[in-house]
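Single-letter residue listing:
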Amino acid sequence: MDIQTLERDINDRDASTRMAASVKLGSLIRGGELGRTVTEEVNNHVHTTYSFSPYEPAAAAYAAWKAGLGIVGSIDHDSIGAAAEMLESGRNIGIATTVGFELRVSFLDTPLANRKINNPDSEGIVYMCVHGVAKQHIPAVASFLKPLQEVRNKRNRAQVEALQALVGRYGFDLDFERDVLPLSRFSEGGSVTERHILYAMAGQSIRMFGKGEKLVRFLLSSLGLPLSSKLQSLLLDENNPHYAYDLLGVYKSNFLPRFFIQPDRQECMDVRKVVDFSNSIGAIAAYAYLGDIADSVTGDKKAEEFEDSFLVELMDLLVDCRFPAVTYMPPRNTKEQMARLQSLAKERGLMEISGVEINSSRQSMNCPQLLQSNARHLVDSAWALVAHEKLSSVDARLGLFHPENPLSGKSLQSRLERYAMLGRAMDSFDPYAIIEKF
């Protein structure tokens, strides 16, 4: 079978087809028949089809390998469903992996209840990540998240109805069960997001008007949407391979604020409850620093102010909530923002984790900003995270923050250095053998 076919199959809807392709690609890689240019870059924050993404988990692992990354990590909204496939495909292909999840949590019972913290859509509701989930705890995480997925879908149904009320007169016929749910992996433990809703709307638009001039005219004249000359050019190009994602971005900017329904406390657990759960399974809960936005890395977030004016108060609150880490995206932040966050994190003994959110076909897996002097330590942290996850999958006491860790008397920096060394020395085709190197 030729490489082009395997690269297609590894992103197939059928899981068995994907995994067979990962095994065959791995054989070519091991045999030296398939090579790549290796960088020192890593990415711990790749979304998959288990929330919203053009990548199946195996395809995400392969795309990261092909881009020269040393590590790929799956992070999905309200879901750990991609984890097993990410771990297996990473072993097949020979790339280091890490798994976790992202969710909205409530800060409504904290002093920051009335602040817009890191969530553009809500005050007192925060995005956080849980990294480094040991493989034996994946079922517990799935059980923990399942009630949240079900509550979220009640809101999703209402949001589809609200959107349909806005656009029905233009010929749209949007139904949650028929049009949105099949785009997701909900039946396999995945979540459904607002992007799924808008992707369904984009799909109906293309079916009604086709790609090109007729659709652009509909957007401008009928819907009255503002389109930059760049967007018009992209949507006039019928051969644009990212067409549906570009159209989704247009709809997200213009319609999401009009149909979005605020999540409630049932959907957004108290932050302390989530951090306590993460700590109980030896995972690493990380507050996701956003920072005041000037330019959006994903191209769909507007300029806005977030945590920077009260960052010291926030960081102290994170320690009080027992967060062990913060996570941030170097391409999104200025050098000044990063330096301040890094200083505050170091003062409070918080691990720093990086990751560039990937959920669109237009985005590159690469993050050269990590190789700059002010971010290079994040590469070491990523390798330490991998070592933490693999070691704690074999022996829970070897988790970075476990009180019985043999290195618990050492400083966090010393532990991170030791774990980074172990992670780099790991055989990605046999990752759990790392225990022999500890």
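Notes on the structure follow. (Residues numbered from 1 in each chain as written. Predicted model: local features only at pLDDT ≥ 70, side-chain atom pairs only at ≥ 80, totals over all residues. Heavy atoms only, no water.)

Turning our eyes to something else, we now look at the overall build of the protein. Counting its secondary structure elements, the protein contains 15 helices and seven strands. Computed over the C-alpha atoms, the radius of gyration of the protein is 21 Å, within 12% of the 22 Å expected from 2.2 N^0.38 for a compact globule of 438 residues. When the backbone C-alpha atoms are referred to their principal axes, the protein occupies close to 65 × 60 × 40 Å. Split into buried and exposed, the 438 residues of the protein put 59% on the buried side. Of all intrachain contacts in the protein linking residues separated by at least 6 positions in sequence, the fraction that spans at least 24 positions is 75%. Computed over 48 positive and 55 negative side-chain charges, the inter-centroid distance for the protein is 1 Å. (Helix = DSSP H or I, 4+ residues; strand = E, 2+ residues; numbered from the N terminus. Rg over C-alpha atoms; globule rule 2.2 N^0.38 Å. Buried < 20%, exposed > 50% of the residue type's maximum accessible area, 1.4 Å probe, protein only. Contact = heavy atoms within 4.5 Å. Lys, Arg positive; Asp, Glu negative; His and termini not counted. Charge placed at Lys NZ, Arg CZ, Asp CG, Glu CD.)

Our next topic: the packing of aromatic side chains. Per the stated rule, a full pass over the model turns up ten aromatic pairs. With centroids separated by 6.3 Å and ring planes inclined at 80°, the aromatic side chains of Tyr 170 and Phe 218 adopt a geometry described as edge-to-face. Taken together, the residues Tyr 170 in the loop between helix 5 (138–167) and helix 6 (176–180) and Phe 218 in helix 8 (residues 213–222) connect sequence positions 48 residues apart. Taking the relative accessible area as the measure of exposure, Tyr 170 reaches 22% and is therefore partly exposed. Between Tyr 419 and Phe 438, the aromatic rings sit 6.1 Å apart at their centres with planes inclined by 75°, giving edge-to-face as the arrangement. A residue pair is termed long-range when its members are at least 10 positions apart, and Tyr 419 in helix 15 (residues 412–425) and Phe 438 in the segment after helix 15 qualify at 19 residues. (Phe/Tyr/Trp six-rings, centres within 6.5 Å; stacked < 30°, edge-to-face > 60°.)

Right, let's get into the pairing of strand 2 (residues 71–77). Within strand 2, seven of the seven residues are buried, which leaves it mostly tucked inside the rest of the structure. Here strand 2 shows two buried faces, one formed by Ile 71, Gly 73, Ile 75 and His 77 and the other by Val 72, Ser 74 and Asp 76. The parallel pair strand 1 (residues 42–46) and strand 2 is bridged by helix 3 (residues 57–66), and the resulting crossover is right-handed. Relative to strand 3 (residues 96–106), strand 2 is paired through seven bridges, and the arrangement is parallel. For Val 72, the partnering residue across the bridge sits in strand 3 and is Thr 97. Handedness of the crossover is the feature at issue here: the chain leaves strand 2, passes through helix 4 (residues 83–93), returns alongside strand 3, and the resulting connection is right-handed. (Right-handed = clockwise from strand over helix to strand, strands pointing away. Pairing = 2+ DSSP bridges.)

For the rest of this paragraph, the subject is the packing of helix 8 against helix 10 (residues 243–259). At a closest axis distance of 13 Å, the pairing of helix 8 and helix 10 adopts a crossing angle of 5°. Taken together, the axis directions place helix 8 and helix 10 in an arrangement best described as roughly parallel. Where helix 8 approaches helix 10, its residues Leu 215, Phe 218 and Leu 219 are matched on the opposing element by Tyr 243, Leu 247 and Tyr 251. For the contact of helix 8 with helix 10, a count of residues per class yields six nonpolar, no polar and no charged. (Axes fitted to C-alpha atoms, helices over the stretch in contact; angles between N-to-C directions. Parallel < 35°, antiparallel > 145°, perpendicular 65-115°, else oblique. Nonpolar A, V, L, I, M, F, W, Y, C, P; charged D, E, K, R; others polar.)

Moving on, we come to the pairing of strand 6 (residues 325–328). Side-chain positions along a regular strand alternate between the two faces of the sheet. Side chains Ala 325 and Thr 327 of strand 6 all project onto a buried face; the interleaved residues Val 326 and Tyr 328 project onto the opposite face, where all are buried too. When strand 5 (residues 284–288) meets strand 6, the two strands line up parallel, connected through three bridges. Note on strand 6: the bridge partner recorded for Ala 288 is Thr 327. The pairing of strand 6 with strand 7 (residues 351–354) spans four bridges and is classified as parallel. Paired with Val 326 across the bridge in strand 7 is Glu 352. Following the backbone out of strand 6, through helix 13 (residues 335–347) and into the adjacent parallel strand 7, one traces a crossover that is right-handed.

Further remarks concern the state of the cysteines. Applying the stated criterion across every chain yields a total of zero disulfides. As a non-bridged cysteine, Cys 321 has Cys 268 as the owner of its nearest cysteine sulfur, 15 Å distant. In this structure Cys 321 comes out as buried when scored by relative accessible area, which is 2%. Left without a disulfide partner, Cys 367 is nearest to the cysteine sulfur of Cys 129, which lies 15 Å away. Take Cys 367: its relative accessible area is 1%, and that puts it in the buried class. (Disulfide = S-S within 2.5 Å.)

Function cannot be read off these values alone, since they describe shape.
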